[in-house]
Amino acid sequence: MIKLIIWDLDDTLWRGTLADGDAVALHAHRADMVRAFNAKGVVSSICSKNDFETARARLVEFGLWDEFVFPHIAFTPKPEAIRAIIEDMRLRPANVLFVDDNPVNLEEVRHCLPDIQLLDITATDADDHLAGLLALQTGSRSRLDEYRMLERKQRDRGAAAALSNEDFLRSCAIEACAPQMMDNLDFAPRIAELINRSNQLNYTASRVVQAALERDIIDLVGFDSWSIFAWDRYGRYGLVGFAMVDRQAGRLVHFTFSCRVMHMGLEAYALGKLREKWPDIDVSAWDGRFSRTPPDWIADRTFHDPAIRSQLLAEQLPAIATEPAIRIMFDCQSGGIAHFSRFRPAIEFDNNPRLFALRQMEDGSYLEQNFPPFLVYGATIDYLDVRWPGKWHLLERGLYERCVLSLCIFLIERGLRMLVVLPPEEAPDDKYRLGLNHSRERTRHFNALWRRVARENPGHLWVLEIDHIVEGDEMADVTHYYAGLLQKIAGQIDGWVSDALNSDSARAA
């Protein structure tokens, strides 16, 4: 996989020798090739024996200077210059193509860097070879800004040679955030790209198909997952890491990072997140590959901070509405439902600790939350005793019904509409969570209450019966659903919202 192309200038990118006073002429089709590779995520650099300022001026004149990163233009040997470019860009020679017209230069570089890819631009099929490489690229975004940020950072690091690496990192003001579980569904395309492009920092040597990755993220009983975002005073790096643990096996399935954040301590940061839930996870196979020193130079930020969440979502999903119209309140299942909905850009969804719980109707804490016009509530989550700390024994003694009625009053007063998703009453016995009192009997009792309240409050409350749509083994248990059932629920929600909008339009007409 090509990640970087290093170009010679004389008789390669342009015709003629600049140092000999030639009026060099740009090979326009190769300039177009540089721009096209950039657009597909393959960046370009320069290694040329020329005077820096003179060559830079010509490239500016050709409108091409800003298409390159980490250029080395000097009368110095090319092998060491190219080695330095690759190291500064945190890449491997195997992912680099060096293009030159001089066979001596090419062989010297091959001798120094045996894994590098080479192209003699004087070969009759050289341009066809470049076109073929371009056609193989599947990327859809430029990485120029990311490498320019790294370029500035490398320049400052060189100027601060007296500082230790850790002191320099502290001066960078690095911040990081680790969204968990179904919050990662929104980032699945970028996560899959990261896993499949990464080599030297892909510690599990994993590869993935996006659909399978999404399925595993949704399977909260089977897997825990974390994505890693980072930014510092130089700029924003975006999603730069991903980790997933197989809960049954207690082992890492994915532990992957972008080479752009090498030596920043983000592996140790991610490992710290993992060990909050998996303190004994075995990573001994990677001893010596990254520092285990706790990275006190990285400030941990939470994805549940509205400002941080909004920023990251805006970077990854620019279509997401700033004022959502729909809220999915189904605790850890919420993200999966939102993921499958055709209204995803208009949806905000819960994920612990940012969530609605029915008990909040009693203490008034629900008033601190945002409730858009359309609400979807998974009733099953509040059938669990654990959701009612200190009061679980009062649920069937009036507490639960009182909270339901308070919620209905709130919906009427605010003019809101809510679809309540009711758990199945006919599931196999082993699907009920008896240890937390989520029994078949309680399910029938509370489901009946919701049906009655919905009949009494038409226009504000509807119910969706899981029993009517579940088929086969689509649940881990009555509170955790697999992707197929979540997709069905999303389809039902989409129909409910569409019917309501059409009804509103008809009345307005």
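Before reading on, note that the structure itself is shown above.
Here the structure is a predicted model, which is why all the values come from computation and not from measurement. (Residues numbered from 1 in each chain as written. Predicted model: local features only at pLDDT ≥ 70, side-chain atom pairs only at ≥ 80, totals over all residues. Heavy atoms only, no water.)

Draft legend 1. Just empty space enclosed by the protein, in detail. Overall, the coordinates contain two cavities of 30 Å³ or more when judged by the stated rule. Along its surface, the largest cavity is lined by 19 residues, and K3, R197, S198, S258 and C259 are the ones closest to its centre. Element by element, the count of residues in the lining of the largest cavity is highest for helix 8 (residues 188–197), at four residues. In terms of residue class, the lining of the largest cavity is built from six nonpolar, five polar and eight charged. In this structure, the second largest cavity spans a volume of roughly 30 Å³. The wall of the second largest cavity is formed by I218, D219, L220, V221, Q333, A476, H480, Y481 and Y482. Across the lining of the second largest cavity, the residue classes tally to six nonpolar, two polar and one charged. (1 Å grid on protein atoms, 1.4 Å probe; cavity = no way out; pocket = protein on both sides within 12 Å on 5 of 7 lines; lining within 4 Å. Points joined across faces, edges and corners; volume = space filled by probe spheres on them. Helix = DSSP H or I, 4+ residues; strand = E, 2+ residues; numbered from the N terminus. Nonpolar A, V, L, I, M, F, W, Y, C, P; charged D, E, K, R; others polar.)

Draft legend 2. Main features of the packing of helix 14 (residues 399–414) against helix 15 (residues 440–456). Put simply, helix 14 and helix 15 touch, their axes get as near as 11 Å, and they point 30° apart. Overall, the two elements helix 14 and helix 15 adopt an arrangement that is roughly parallel. Of the two possible hands of crossing, helix 14 and helix 15 adopt the one that is right-handed. Facing Y400, E401, V404, L405, L407 and C408 of helix 14, the residues of helix 15 in contact are F446, L449, W450, R452 and V453. Residues of the contact of helix 14 with helix 15, tallied by class, amount to nine nonpolar, no polar and two charged. (Axes fitted to C-alpha atoms, helices over the stretch in contact; angles between N-to-C directions. Parallel < 35°, antiparallel > 145°, perpendicular 65-115°, else oblique. Left-handed = near helix turned anticlockwise from the far one by under 90°. Contact = heavy atoms within 4.5 Å.)

Draft legend 3. Looking closely at the packing of aromatic side chains. This structure, assessed with the given rule, holds 23 aromatic pairs. With 5.9 Å between their ring centres and 70° between their planes, Y383 and Y400 make a pair best called edge-to-face. Remark: Y400 occurs in helix 14 and Y383 occurs in the loop between strand 15 (374–378) and helix 14; sequence separation between them is 17 residues. Consider the rings of W462 and W496, whose centres lie 5.7 Å apart with planes at 65°: the pair is edge-to-face. Remark: W496 occurs in helix 16 (residues 483–508) and W462 occurs in strand 17 (residues 461–465); sequence separation between them is 34 residues. The exposure class of W462 is partly exposed, given its relative accessible area of 31%. Under the relative-accessibility criterion, W496 is labelled buried at 10%. Aromatic rings pair up to connect F356, Y366, F371, Y377, F410 and W450 into one cluster. Between the NZ or CZ atom of R327 and the centre of the ring of F371, over which it lies, the distance is 5.2 Å. R354 extends its terminal NZ or CZ atom over the ring of F349, reaching a point 5.7 Å from the ring centre. (Phe/Tyr/Trp six-rings, centres within 6.5 Å; stacked < 30°, edge-to-face > 60°. Buried < 20%, exposed > 50% of the residue type's maximum accessible area, 1.4 Å probe, protein only. Lys NZ or Arg CZ within 6 Å of the ring centre and 35° of its normal.)

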